[in-house]
Amino acid sequence: MIIAGNFKANHTFATCEAYLAEFASYIDESNADDIYIFPPFTALQAPLDKRIRIGAQNGYPAEKGSYTGEICLEQLSALGIDTILIGHSERRHIIKETQEFIARKFEFFKRNNFTIFYCVGEPIEVRQKGLESVLRYIDDQLENIDLEYPNLIVAYEPVWAIGTGISASLDDIEETHKALREKIAAPLLYGGSVNAANAEGIFASPFVDGVLVGNFSLKADEFSKLLKLSTVRG
Ligand code: PGA
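Residues numbered from 1 in each chain as written. Predicted model: local features only at pLDDT ≥ 70, side-chain atom pairs only at ≥ 80, totals over all residues. Heavy atoms only, no water.

**Student:** Can you tell me about the packing of aromatic side chains, naming the residues and giving the values?
**Tutor:** For any pair of aromatic rings, geometry is given as the distance between the ring centres together with the angle between the planes. Tallying each qualifying case throughout the model produces 13 aromatic pairs. Here the aromatic rings of Phe38 and Phe117 are separated by 5.0 Å at their centres, their planes lie at 75 degrees, and the arrangement is edge-to-face. In this pair, Phe38 is assigned in strand β2 (residues 34–38) and Phe117 in strand β5 (residues 115–120), connecting sequence segments 79 residues apart. By relative accessible area, Phe38 is classed as buried at 0%. Among the residues examined, Phe117 registers a relative accessible area of 0% and is labelled buried. Here Phe109 and Phe114 contribute two aromatic rings whose centre-to-centre distance is 4.9 Å and whose plane-to-plane angle is 65 degrees, an arrangement assigned as edge-to-face. For the pair Phe109 and Phe114, a shared accessibility class is recorded, and that class is buried. Taken together, Phe7, Tyr19, Phe23 and Phe223 form an aromatic cluster joined through their ring pairs. (Phe/Tyr/Trp six-rings, centres within 6.5 Å; stacked < 30°, edge-to-face > 60°. Helix = DSSP H or I, 4+ residues; strand = E, 2+ residues; numbered from the N terminus. Buried < 20%, exposed > 50% of the residue type's maximum accessible area, 1.4 Å probe, protein only.)

Pasting the structure below:
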């Protein structure tokens with residue numbers, strides 16, 4: 001399983017440093033195949049334990065330059081970062097990133113061999129219309145995205161399940177992942193209110209290759225429970 005924690009705009013450099021030290025102490029008991037943490041930019045740092053991979057939550061598709069408030073390839077590479085989240089629903093909906101811009105970002109970081117966590121997922125009004133509508137919605141989010149890219153990991157994160165405490169049901173997750181599996185060979189993660197109580201069922205599903213976790217990843221001792229619950233996918 002791939003276990004990934006997205007801190008969003010939480011944690012400082014100091015609290016992240018303490019987190020990474022504590023989290024490393026749990027890794028010996030981990031059954032996860034790969035572990036990723038996405039701290040905010042100001043907390044990007046090399047982890048004590050090389051089994052934890054650090055990724056960026058965002059990046060501007062340029063080497064460097066006049067992009068006020070953004071962070072580019074030069075800054076990420078200097079920190080040894082080669083993993084990035086692209087297409088997260090908070091960037092699509094709050095920051096208003098368009099599919100065209102997201103695809104441009106994807107191409108840029110693909111050209112630079114980044115491991116790309118690419119997020120897709122529908123809002124509640126689309127889910128209420130049923131699976132076909134969900135798949136059409138996700139199809140639009142896959143426009144101009146190279147699904148054959150070898151360093152791709154896809155995260156299915158229904159918008160209505162993110163940060164709400166209401167995870168999608170296992171049936172919804174499996175039904176959606178099964179359909180996505182027909183066109184996506186890359187590992188398929190689920191994200192949206194994953195915690196220690198619902199993770200076991202999710203890990204047991206043959207359609208799920210891992211989880212992308214927000215709120216529940218913020219405390220190292222809590223998040224580490226997922227490492228133990230995880231199953232080895234190989
Ligand atoms: P959540 O966030 O676990 O807090 O629902 C998931 C995500 O946004 O990746």
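**Student:** Break down the packing of helix α6 (residues 131–141) against helix α7 (residues 170–181) for me, with residues and values.
**Tutor:** Following both chains from N to C, one finds α6 and α7 inclined at 50 degrees, their axes separated by 11 Å at the closest point. Here α6 lies oblique to α7, going by the angle between them. For α6 against α7, the interelement crossing comes out right-handed. Contacts from Leu131, Val134, Leu135 and Ile138 of α6 reach α7 at Glu175, Thr176, Ala179 and Leu180. Residue composition of the contact of α6 with α7, by class: 6 nonpolar, 1 polar and 1 charged. (Axes fitted to C-alpha atoms, helices over the stretch in contact; angles between N-to-C directions. Parallel < 35°, antiparallel > 145°, perpendicular 65-115°, else oblique. Left-handed = near helix turned anticlockwise from the far one by under 90°. Contact = heavy atoms within 4.5 Å. Nonpolar A, V, L, I, M, F, W, Y, C, P; charged D, E, K, R; others polar.)

Purely geometric numbers; function is a separate question.
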